[in-house]
Amino acid sequence: MRKIIGLILLIIIAVGLGLALVRIPFGTSKSRLGEYYIREGRKETGATNIVTSVVANYRGFDTLGEVTILFTAALGVGAVLSIGRKRKNNIKHQPASLILRTGCRFLFPLILLVGAYIFIHGHLTPGGGFQGGAVVASAFLLIYLGCREIRISEKGTKAVESLAGLVFVAVGLVGLAVSGYFLFNFLPKGISGRLFSAGVIPVIYIAIGFKVGSELAGIIDALVEETE
Amino acid sequence: MIWLATVLICLMLVAAITAAIFKDLLSAVIASCLVSLIAAILFYLLQAPDVAMAEAAIGAALVTAIFVIAIIRTRRYEE
Amino acid sequence: MSFLHNYIYYFGAFGLIFIGLYIILVKRNLIKIIIGLSILETGVNLFLVSIGYISSGTAPIFSRPEVEAARMVDPVPQALVLTAIVIGVAVLALALSLTIRVYRHFGTLNLRKIKEQRW
């Protein structure tokens, strides 16, 4: 009975969506807001990556909201999964083979370096804080899969995550103090194309890179640990 | 280039139907990882390199890892 | 054939949304429903990015100084989708941690048996 109702509902939604999708034109005209951002973006912010200047400068408040959602989710995962008795100390894991352990230890700093490069150069090339943070979290996942007896210290990830979030809010408050707008771009814009340019955008993206990386690593750590 | 996009979209829909049908949850998760990877290639073909990088790093690597850890903690086969 | 040219991306996104909704409405295992949620979100993100596409356009990055600005694709949907992908992974992590708790409490992941047990 539930299946039949579900299928009827699905057919109604599919017909409605299909009729609506045919009328949307594909590949023709940009919105006026998009044209304004492309025309004035490089002069006003100094970043050559227009998507970065939209995310971190023009719509920076939405990014602050998204960072808050990610923080709440990490908090929720940590709270839900640690109810119960304390874990038994150190269940004996069978260690992986020598090639796997050496390979993982060799690759770990290289992947961290690639992730740091991606979020430092977020305003010049494609990339940015979220992508770089995800690559850094993948490096920690590699350590969990390869060398199974090393554990990330939970206090370290929580400390880095909280400090990076505070840096983001502090940058916004300094902008408010300087000129009356929250998250105002108060550092000098510089020559576009250099590393130290685009005002406050690299600072925001470095803070977001650290925060997202340590947050996702903390989520994986909370899921892997045993609480029985 | 439009033929490459057509082939990739057909492959993506086949992988999504596979994820719906399989009873072994580990195979369904690998099929949904394939959907994310092909979506990352399609984002690149739509001239959006930031979004392609984010989808490949987050959708294909971290989401699959979280699913596999959750399947280890619960059951592997759907009843 | 020109119909295919114009609407193939919309057709792909629509197919993913349809399959994701089918899994959520019909299937009974909790982890399968969460897989359907992930496929639904991927379909919606693909639809949003393909709205902002301009035919034979380039990426909105001034990599060389002489890239002309008139042929770039729309950057606003890309910024929206970047946020949406990260929020999607946050929702999935929280949903899976709740599923692990439900399994520890009820012993099963089948929705029909959980409704019958009723705490």
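Keep in mind it's a predicted model, so treat the numbers as computed, not measured. (Residues numbered from 1 in each chain as written. Chains lettered and ligands numbered in written order. Predicted model: local features only at pLDDT ≥ 70, side-chain atom pairs only at ≥ 80, totals over all residues.)

### Points about the overall build of chain A
Okay, step 1: Helix and strand counts for chain A come out as eight helices and zero strands.
Okay, step 2: Listed N to C, the secondary structure of chain A is α-α-α-α-α-α-α-α in terms of helices and strands.
Okay, step 3: For a compact globule of 228 residues, the expected C-alpha radius of gyration is about 17 Å, and chain A comes in at 23 Å, more than 25% above that figure.
Okay, step 4: Projected onto its principal axes, the C-alpha coordinates of chain A cover approximately 60 × 60 × 35 Å.
Okay, step 5: Every one of the 228 residues in chain A was classed for burial, and the buried ones make up 37%.
Okay, step 6: Contacts in chain A between residues far apart in sequence, at least 24 positions, make up 73% of those at least 6 positions apart. (Helix = DSSP H or I, 4+ residues; strand = E, 2+ residues; numbered from the N terminus. Rg over C-alpha atoms; globule rule 2.2 N^0.38 Å. Buried ≥ 20, exposed ≤ 12 C-beta atoms within 10 Å, placed from the backbone. Contact = placed C-beta atoms within 7 Å.)

### Side note on the environment of Leu 37 of chain B
All names here are of chain B.
Okay, step 1: Mapped onto the elements of the fold, Leu 37 is located in helix α2 (residues 25–45).
Okay, step 2: Classification of Leu 37 as partly exposed rests on a count of 18 C-beta atoms within 10 Å.
Okay, step 3: When the C-alpha atoms of Leu 37 and Thr 74 are compared, they prove to be 26 Å apart, with 37 residues separating the residues in sequence.
Okay, step 4: Apart from residues lying up to four places away in sequence, Leu 37 is in contact with Ala 56 and Ala 60.

### Some points on the interface of chain C and chain B
Okay, step 1: Each partner contributes residues to the interface: chain C has 37 residues there, and chain B has 40 residues.
Okay, step 2: Of all the secondary structure elements, the ones that give two or more residues to the side of chain C that touches chain B are α1 (2–26), α2 (30–51) and α3 (76–106) of chain C.
Okay, step 3: It is α3 of chain C that provides the largest number of residues to the side of chain C that touches chain B, a total of 12 residues.
Okay, step 4: Of the residues that constitute the side of chain C that touches chain B, the class distribution is 24 nonpolar, 12 polar and one charged. (Nonpolar A, V, L, I, M, F, W, Y, C, P; charged D, E, K, R; others polar.)

### Considering unusual backbone geometry
Okay, step 1: Despite not being glycine, Leu 183 of chain A has its phi angle at roughly 60°, a positive value.
Okay, step 2: Topologically, Leu 183 of chain A is positioned in the loop between α7 (154–179) and α8 (201–224).
Okay, step 3: Even without a glycine there, the phi angle at Ser 56 of chain C is positive, about 45°.
Okay, step 4: One can find Ser 56 of chain C in the loop between α2 and α3.
Okay, step 5: Using a count of 10 C-beta atoms within 10 Å as the deciding quantity, one classes Ser 56 of chain C as exposed.

### Brief notes about the packing of α7 of chain A against α8 of chain A
Angle between the axes and distance between the axes: these two values describe a pair of packed helices.
All names here are of chain A.
Okay, step 1: Put simply, α7 and α8 touch, their axes get as near as 8 Å, and they point 150° apart. Relative to α8, the element α7 lies roughly antiparallel. When you trace α7 past α8, the crossing you get is left-handed. Listed contacts from α8 to Glu 154, Thr 157, Lys 158, Val 160, Glu 161, Ala 164, Gly 165, Val 167, Phe 168 and Val 171 of α7 are Val 203, Ile 204, Ala 207, Ile 208, Phe 210, Lys 211, Ser 214, Glu 215, Ala 217, Gly 218 and Asp 221.
Okay, step 2: Residues of the contact of α7 with α8, tallied by class, amount to 11 nonpolar, four polar and six charged. (Axes fitted to C-alpha atoms, helices over the stretch in contact; angles between N-to-C directions. Parallel < 35°, antiparallel > 145°, perpendicular 65-115°, else oblique. Left-handed = near helix turned anticlockwise from the far one by under 90°.)

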